[in-house]
Amino acid sequence: MNFFRGVMGGQTAGPQPSGAETIQKLCDRVASSTLLEDRRDAVRALKSLSKKYRMEVGTQAMDHLINILQTDRSDSEIVGYALDTLYNLICNDEEEEQDESEDENAQKQADDLGAQFTEKFIEDPEHLALLLSLLEEFDFHVRWPGVKLLTALLKNQGPQVQGVILVSPMGVSRLMDLLADSREIIRNDGLLLLQQLTKSNAAIQKIVAFENAFERLLDIITDEGSSDGGIVVEDCLLLLLNLLKNNSSNQNFFKEGSYIQRMRPWFEVGDDNAGWSAQKVTNLHLMLQLVRVLVSPVNSPGATASCQKAMFTCGLLQQLCTILMATGVPADILTETINTVSEVIRGSQVNQDYFASVNAPSNPPRPAIVVLLMSMVNERQPFVLRCAVLYCFQCFLYKNQKGQGEIVSTLLPSTIDANSISAGQLLCGGLFSADSLSNWCAAVALAHALQENLTQKEQLLRVQLATSLGKPPVSLLQQCTNILSQGSKVQTRVGLLMLLCTWISNCPIAVTHFLHNQENVPFLTAQISENLGEDERLVQGLCALLLGICIYYNDNSLENYTKEKLKQLIEKRIGKENFVEKLGFITKHELYSRAGQKPQPVFPSPEQMLFDHEFTKLVKDLEGMITKAVHKSSEEEKKEEEVKKTLEQHDNIVTQYKELIREQDAEIQKLKEQVASVSMQNEQLQTSNTQQLSQIQQHKDQYNILKLKLGKDNPSQSSSSGDLSQVNGVQTEELTQLRDEVEELSKQNALLRTQLSDKDSLINTLRSESGASDNSELLKELEALRSRVQAQSTEINQLQTERHELQRRVEVSTTSQGVPSGESTVDNTKVTELEKRLAAQISETERLKGDLKSTIECRSDLEQQLASATSTVAILQTEKSKLQTEVQESKKEQDDLLMLLADQDQKINSLRQKLKDLGETVEDEDDLDAREQTDDDEEDDDEEED
């Protein structure tokens, strides 16, 4: 023990041992001492030396410390010392604090030392399994250092440690239990541990999410005060970001669990927004990032749309717009809120319409879009804020033709209000201001108002601008080209060229307006043909793109600037190869690929703000087509035009056939519906028929029972009278049931008669439309029904015969018993009444059978007539079409014959005139007709004389 006292701080008179020697002795004592107290003191001493002599303790004592964790697990104190020592060896945080003023090499050595000890510890997976098992201990001195040690291991060698934990049984579940610990320091360090555990590992993220992590984290955030909470809220939000970012499964689980609704209270800020703490700014910034993760443009469109809908339904979007229009909000929170609102409304028509209706709390109220655009074109605003406003405007117009029309309409002469500031006025002001960044932002914003919208491109051609007093107004297109030719800054010219390319692409009318200005084409060819510096190469490429669009979308309406003449101009002034090379300058620019990665405009500095994301898509689509169009010859273009015309003709023919097929499908559908209704009626009739047959069978069975009861021979009068009274009682109850059934059958019969009257009207209609048809199938079915009715009649006759026989036997029995007494007379009266009721029942059954027979016959007749009418109609339609075709052909032949006769008469008349001119005597047609008539009369006279 004296040795430990010397090590722990006591001064001795002799020479002091070195640190390595002391550590070696302590390690020997840990390995060889049999007393737990000695080992505990040795481990405590190693812990105190582990920070100063990190290398020595790590190389000599790590194995002994791990062995302590395995063998002395029952003693929480020594286990806690061992875990603290291992944490000091592996963690680099303390070293970072100490080495802040030292050079980077020393810091790198410290980091490498922690990585080396981490690799040594995780060489054996059993060490991590041992550490995970220690985390189940509730003792604070074991659990807390164990959490810190595992966190340090994940920081140094995250993927390897994650792999071991992932395959460990219940490994993630044990770590999730840390969030339920009542001691806040363990819970908070557990949050840090889960942050490191879930980094860049989708499998662990899913397991943590399905361990009810979202519910627990949101509860902690609420308990800690939401955005007003401390560092714990920040840790929870960072963990939520790890679980949701780029993980579609967890995002869907978060949405389906209705956790989006629980985010709304986070953004409830009061009217007094002065004095925001740094922690609140950080928390709210992370909350906004969490919303953006759910609606990020990189997510699948379906998942993004469902989250956007949920955010609008629960009022989250409305709350964000409240923050957007509030006063006193810090600039970075306002910027992030604008970006968040942008992605919540991007591509969602409902959300975009709501955002268009939001007004700023000003006097008079102004639309939020106008207020944001005022910030965008104001050069005194921060650069990141202006980029955020531009992104918001782009997202508002993304796939929103209604919004595009509203923006363009504010520029048209008929809708301009001189007393208010509109979005169009702000865009025009920014487009022609002295600030190049405002020029670029306004040009890109206006280009998004025209994106994939031919109508608005044509409408924008109507915009007229007043340049100065005393001069006539010029069009917006002309003013853009004028500024372009004045040689302004590169950023301004790039923005204007992107606007012009977007404007005239896929719009032949705009191309014609652009080419109508005689100065535009010479300016473009001059810009492309010159050899300028590196800064001007991008402008040359955009000029080449603009000229290529004029070729590709040219409708040849201007004689001086047809496709062929423009290509000849390129070949003479520039050269085709040089033109294609200059066109390639756009995609080869270093900022082009960066802008094409994501829609949000993020630039390190205003000078690098050159390309727009949507414009990169346009360049990608047009570059190849323009290159082909420039190299094509006139013959190839003619062939393509002919092919296009042929395809258009084929498309028209196909369209006509499609319309005809649609009409036929509609008729077929109607006929199917009619057939379905008739089939349903048929099924109903069959069902009623089956029910009636079953009722008849029941009546037969009841009659047989009555026959058996009445046919019994009783040995004595008393027994006979008693049995008879019993039979009469039973018969009365059964006859009551029969009456009820007869009433039901009568109701059904009335319903069937109503249906038959409807069918009779339908049959009369069909008969008026079609002629007589073949009734062979109807006759066959009628014969079958007749045979069935005859069989039923035979059965009823047989029943009547049996009834008469039964009556005869009853009379014989009565006669053989002598003079009847008063009781026998009553019995006979009852029997007579029973017979009358039975006869009435039989007659009613006969009447029902007749009704059933007529119903079946009418149904069969209806079905047959419907089928024959349908076939007759089809035959008549076919014959009608044939007759129409023959009539048309005969009319055509008659017209041809009339034409031939007219030509022949004309020729004859011309020949007669020529003969008359030559002096020959030619008789007219009237003279010939008179002469023929005279000859005929003379012949008739001769015949009479003969």
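What counts, and at which threshold
Residues numbered from 1 in each chain as written. Predicted model: local features only at pLDDT ≥ 70, side-chain atom pairs only at ≥ 80, totals over all residues. Heavy atoms only, no water. Helix = DSSP H or I, 4+ residues; strand = E, 2+ residues; numbered from the N terminus. Buried < 20%, exposed > 50% of the residue type's maximum accessible area, 1.4 Å probe, protein only. Contact = heavy atoms within 4.5 Å. Areas by Shrake-Rupley, 256 points an atom, 1.4 Å probe, with all protein chains shown as cover. Salt bridge = Lys/Arg side-chain N within 4 Å of Asp/Glu carboxyl O. Disulfide = S-S within 2.5 Å. Axes fitted to C-alpha atoms, helices over the stretch in contact; angles between N-to-C directions. Parallel < 35°, antiparallel > 145°, perpendicular 65-115°, else oblique. Left-handed = near helix turned anticlockwise from the far one by under 90°. pLDDT = per-residue confidence, 0-100. Arc of directions from axis to C-beta. Phe/Tyr/Trp six-rings, centres within 6.5 Å; stacked < 30°, edge-to-face > 60°. Lys NZ or Arg CZ within 6 Å of the ring centre and 35° of its normal. Patch = residues over 30% accessible without salt bridge, like charges linked within 9 Å, V, L, I, M, F, W, Y side chains within 5 Å. Lys, Arg positive; Asp, Glu negative; His and termini not counted. Charge placed at Lys NZ, Arg CZ, Asp CG, Glu CD. Nonpolar A, V, L, I, M, F, W, Y, C, P; charged D, E, K, R; others polar.

1. Re the overall build of the protein
Now for step 1: When its secondary structure is counted, the protein shows 42 helices and four strands.
Now for step 2: Taking all 946 residues of the protein together, 43% fall into the buried category.
Now for step 3: Look at the contacts in the protein between residues 6 or more apart in sequence, and 72% of them connect residues 24 or more apart.
Now for step 4: Carbon and sulfur atoms form 51% of the exposed surface of the protein, whose accessible area is close to 50,600 Å².

2. Observations concerning the pattern of salt bridges
Now for step 1: On inspection of all chains with the given rule, the structure shows 21 salt bridges.
Now for step 2: Between R143 and D181 there is a salt bridge; the shortest N-O distance is 2.8 Å. Residue R143 is located in helix α9 (residues 140-156), and its partner D181 is located in the loop between α11 (171-176) and α12 (184-197); the two are separated by 38 residues in the primary sequence. Side by side, R143 and D181 carry an identical accessibility label, which is buried.
Now for step 3: The network of salt bridges with common partners includes R40, D41, R44, D75 and E77.

3. Quick look at the state of the cysteines
Now for step 1: Within the structure shown, the criterion is met by zero disulfides.
Now for step 2: Unpaired in this structure, C321 has its nearest cysteine sulfur neighbour in C392, at a distance of 8.3 Å.
Now for step 3: Of the residues examined, C321 reaches a relative accessible area of 3% and is grouped as buried.

4. Describing the packing of helix α2 (residues 19-32) against helix α3 (residues 36-49)
Now for step 1: Packing of α2 against α3 brings their axes to within 8 Å, and their N-to-C directions diverge by 150°. As summarised for this structure, α2 and α3 are arranged roughly antiparallel, according to the angle between their axes. Between α2 and α3 lies a crossing of left-handed hand. Mapping the contact onto sequence places T22, I23, L26, C27, R29 and V30 in α2 and D38, R39, A42, V43, A45, L46 and L49 in α3.

5. Details of the environment of A443
Now for step 1: Here A443 is to be found in helix α26 (residues 436-449).
Now for step 2: A443 gets classed as buried once you look at its relative accessible area, which sits at 1%.
Now for step 3: Through-space distance from the C-alpha of A443 to that of L499 is 5.6 Å; in sequence the pair is 56 residues apart.

6. Notes on the confidence of the model for the protein
Now for step 1: Taken as a whole, the protein shows an average pLDDT of 81; of its residues, 75% reach a score of 70 or greater.
Now for step 2: Low pLDDT, under 50, characterises residues 1-14; the predicted model gives this stretch 17 contacts beyond four residues in sequence or across chains.
Now for step 3: pLDDT under 50 marks residues 770-775. Its contacts with residues more than four places away, or in other chains, come to five contacts.

7. A look at unusual backbone geometry
Now for step 1: Here the phi dihedral of M170 falls at roughly 60°; this positive angle occurs in a residue that is not glycine.
Now for step 2: Tracing the chain through its elements places M170 in the loop between α10 (158-167) and α11.
Now for step 3: The phi dihedral of S226 is positive, around 55°, even though this residue is not glycine.
Now for step 4: Note that S226 resides in the loop between α14 (213-223) and α15 (231-244).

8. Let's talk about helix α16 (residues 248-256)
Now for step 1: For α16, the complete set of buried residues consists of N250, Q251, F254 and K255. For α16, the arc enclosing every buried residue in end-on projection is 135°, short of the 170-degree limit, so these residues lie on one face. Opposite the buried face of α16, by more than 90 degrees, sit the exposed residues S248 and E256.
Now for step 2: S258 sits one or two positions beyond α16 and adopts a positive phi of about 60°.

9. A word on the packing of aromatic side chains
Now for step 1: Tallied over the full model, the rule gives eleven aromatic pairs.
Now for step 2: Taken together, the aromatic side chains of F210, F214, F253, F254 and Y259 make up a single cluster linked through ring pairs.
Now for step 3: In this arrangement the basic side chain of K148 is found over the ring face of W144, its NZ or CZ atom lying 4.0 Å from the centre.
Now for step 4: Positioned over the ring face of F138 is R183, at 3.9 Å from the centre of the ring.

10. Quick look at helix α22 (residues 368-376)
Now for step 1: Of all nine residues making up α22, seven are buried, and the element is well covered by its neighbours.
Now for step 2: Of all the residues in α22, the buried ones are A368, I369, V370, L372, L373, S375 and M376.

11. Let's talk about the side chain of T335
Now for step 1: For T335, the position within the fold is in helix α20 (residues 331-345).
Now for step 2: Apart from the residues lying within four places of it in its own chain, the contact partners of T335 are V384, L385 and A388.

12. A look at a negative patch on the surface
Now for step 1: On the surface, a cluster of negative charge is contributed by E119, E123, D124 and E126.
Now for step 2: A relative accessible area of 65% places E123 in the exposed class.

13. Here's the deal with the packing of helix α4 (residues 54-71) against helix α5 (residues 76-90)
Now for step 1: Running from N to C, α4 and α5 cross one another at 145°; their axes reach a closest spacing of 10 Å. In this structure, the crossing between α4 and α5 has a hand that is left-handed. Across the interface between the two elements, R54, V57, G58, M62, L65, I68 and L69 of α4 pack against I78, V79, A82, L83, T85, L86, N88, L89 and I90 of α5.
Now for step 2: Split by residue class, the contact of α4 with α5 holds twelve nonpolar, three polar and one charged.

14. A few points about the environment of S475
Now for step 1: With respect to the secondary-structure elements, S475 resides in strand β4 (residues 474-475).
Now for step 2: A sequence separation of twelve residues divides S475 from V463, and the C-alpha atoms of the two residues are 5.7 Å apart.
Now for step 3: For S475, the residues in contact, after removing those within four places along its chain, are V463 and Q464.

15. Comments concerning a nonpolar patch on the surface
Now for step 1: A cluster of nonpolar side chains, contributed by I653, Y657, L660 and I661, occupies part of the molecular surface with about 380 Å² of accessible area.
Now for step 2: Looking at the element boundaries, Y657 is found in helix α38 (residues 634-710).
Now for step 3: Assessed through its relative accessible area of 52%, Y657 is described here as exposed.

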